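Coordinate inspection notes
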Amino acid sequence: MSLISLVDVRKDFGIRTLFDGLSLHVGERERLGLIGPNGAGKSTLMRVLAGLEPPGGGERRVLPQGRIVLVSQEPEMDPERTVLEQVFAESGEKMQLLRRYTEVSDALAHAHSAGSDDTALLSELGELNARMDQSQAWDLEQQIREVLQRLGIGDTHRRVGDLSGGYRKRLALAAALVADPDVLLLDEPTNHLDADCIQWLQGYLQRFRGALVLITHDRYVLDQVTNRIVEVDRGEARSYSGNYAYYLARKAEEDAAEAASEAKLRSVLRRELEWLKRGPKARSTKQKARIQRIEAMQEQPKRQAKGQLSLATNQRRLGKRAIEAEELGVWASDEARDGGASPLLQAFSYDFSPEDRIGIIGPNGSGKSTLLDLIAGRRQAHTGRIELGSTVKLAYFDQHSHNVLEGTDAAGRQRKVIDVVKEAASSVELEGSTLSASQLLERFLFPPAQQHQPVSKLSGGERRRLHLCRLLIEAPNVLLLDEPTNDLDVQTLTVLEDFLEDFRGCVVVVSHDRYFLDRTVDRLFSFENGQLERFEGNYSSYLERQQSKGASTSNGAGTSSSPAPKPEAPSATAAPAPASNASKTRRRSFKETRELEQLDAQLPQWEERRGELEALLAVGGSDYAALEALSEELSALLERIARGEERWLELSELAG
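Notes on the structure follow.

Basis of the calculations
- Residues numbered from 1 in each chain as written.
- Predicted model: local features only at pLDDT ≥ 70, side-chain atom pairs only at ≥ 80, totals over all residues.
- Heavy atoms only, no water.
- Buried < 20%, exposed > 50% of the residue type's maximum accessible area, 1.4 Å probe, protein only.
- Helix = DSSP H or I, 4+ residues; strand = E, 2+ residues; numbered from the N terminus.
- Pairing = 2+ DSSP bridges.
- Right-handed = clockwise from strand over helix to strand, strands pointing away.
- Axes fitted to C-alpha atoms, helices over the stretch in contact; angles between N-to-C directions.
- Arc of directions from axis to C-beta.
- Contact = heavy atoms within 4.5 Å.
- Lys, Arg positive; Asp, Glu negative; His and termini not counted.
- Salt bridge = Lys/Arg side-chain N within 4 Å of Asp/Glu carboxyl O.
- Polar contact = N/O pair within 3.5 Å; in protein donor to acceptor, adjacent residues only side chain to side chain.

A few words now on the pairing of strand β6 (residues 183–187). Here β6 lies mainly inside the structure; five of its five residues are buried. Residues V183, L185 and D187 line one face of β6 and the alternating positions L184 and L186 line the opposite face, and both faces are buried. One ladder, built from four bridges, connects strand β5 (residues 68–71) with β6; its direction is parallel. The residue bridging V71 from the neighbouring strand is L186, located in β6. Each parallel crossover has a hand, and the one from β6 via helix α7 (residues 195–207) to strand β7 (residues 211–215) is right-handed.

Structural data, given as structure tokens:
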């Protein structure tokens, strides 16, 4: 049974058509993921599903009494309410039941004191009791406080008007989860959430009883939560029954089949045109039919070619010295420091090398963006120093700079897309050829018709893509990326990940996107109580280690003597151990020495095989069974490498 149905829906904005003849049905307990390039109309489609945006054509049908809640990227709220009041107000049926129960209880007490007939009120009160038991409305406030806490919202008495945009987004998400609607529509819910919050949200959505429609760049959430993927692109919506991994496999098969079909059609058409050019002497019925067939092939409608994002930059040489940080310390403000508050960062020292791929993780507000601001020179440290190498050309892709692309030019006119690029360079030398600003924008999927539109008309993801284009024009060799996955579509993220893999320079990433971190970094710094703890490996390896540490702690909690701590990866701020402790360091046994030698030989071999497997998967093919076998081998190999690296660290820390 469909809760929401769109039939032959059309939506356009002036000369731009987002979709036409689109049909989409959302059934009970469906887990639907919407994907597609920025600007394809995903958010608009969400608003049409929610009934907040009228379709330009076609029909929207909804199940009567069905409760639909949309959490948009910029939710509207009453600025005068407190956090708790806002969630109560948006709690839907639960709040209505509580209010009605209070009203009926008061009316029943009044009727009893007045000696009036209270039969109808008693009956309604009984029905309300049953409905409140079923919806768990009795403990609504407890539910609200728990969800708010899980999403990192502690002060429930703050005014909504005093909250940041990210805080308001989390508040709207909390209200939607507590409301427990029949259909939950979420537009980029993981933006502004840290990794722990995302992990909790993923589990919550897996247990959610209603239907779910989800737009997200978090591919782990997309893969674990959804059971159907709908790709919105070039005015069409294609449905795939399965999760994100299934979609990728099917999409690869479709693209290969479509390319083969087009190649075959071109080959046949070329041969037929050659025959036609020779000028057949006889005009028999058979030959006339052949000519008609050629004309039909020429007129056959072709599917518009899908643009491919091309991220490229001139490579600027980076010397041996990139960034040097020594004893860095910073507080939230001068007042916080003078008032004795704990620092965001304390005594951090590290030399960033030209080959570094570093991820910065930690809870919201811990100081991750502050560290990038220090490196970029936007903020001064309270203690310590930071220096950039003489050859460093730095680009900072932060969370907010894309918003300043809007506004007006010197003449007071709204800035156009092409103006943003021309301000940096009217042309650029790239890959041996000279590209104009317009040609460069086309590589970033801004067609000529869109290049002369005001920047304000772009979607959030398109503005982020334009900002990235502007930065790469300047040929940086050090990239600082602060939450780069926010608002970017999945396809753009995949291309960005490939670009970073080949980028010859230093990359420092702040992100809560687990998939992105797994693909782009090989070293992590985790904010923990003002210290940056260093970990060698990607995020999945880090998470496994944290979970194993937690299990070890819980297993040893009830014992009389604590077990010896497991060796840790060295902290970025760790001082050398005192000389008095040196004699207590355990020495490697003969067996452990042999194991370390074997790992020294095996790890490079495993990495080489990893590269071979990734290359084979990148080539793809139509043999799905073979691709699946390669994927399984790569997954097992990555686990083996992670375990091997962790064991190598443990053994190398022991005295030889």
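That was the structure; now back to the text.
Taken in spatial order, the three strands of this open sheet run β2-β1-β4, and their pairing is antiparallel. The sheet terminates laterally at β2 (16–27) and β4 (57–62), the two strands that pair on one side only. Averaged over all adjacent pairs, the angle separating strand axes in this sheet is 15°, with direction ignored. The pairing of strand β1 (residues 2–13) with β2 spans eight bridges and is antiparallel.

Taken together, the buried positions of helix α5 (residues 140–150) are occupied by L140, Q143, I144, V147 and L148. Buried positions in α5, seen along its axis, are confined to an arc of 125° and lie on one side of it. Projecting away from the buried face of α5 at angles above 90 degrees are the exposed residues Q142 and Q149. On its buried side, α5 packs onto α2 (83–89), α3 (93–114), α6 (165–179) and α7. Just downstream of α5, G152 is the residue with a positive phi angle, here 80°.

It is worth spelling out the side chain of D482 at this point. Turning to its location among the elements, D482 is positioned in strand β17 (residues 478–482). Buried and without a salt bridge, D482 has K368 as its closest oppositely charged side chain, separated by 7.2 Å. Within the structure, the side chain of D482 is placed 2.7 Å from the side chain of S369, a separation counted as a polar contact.

Shape is all these values report; function is a separate question.
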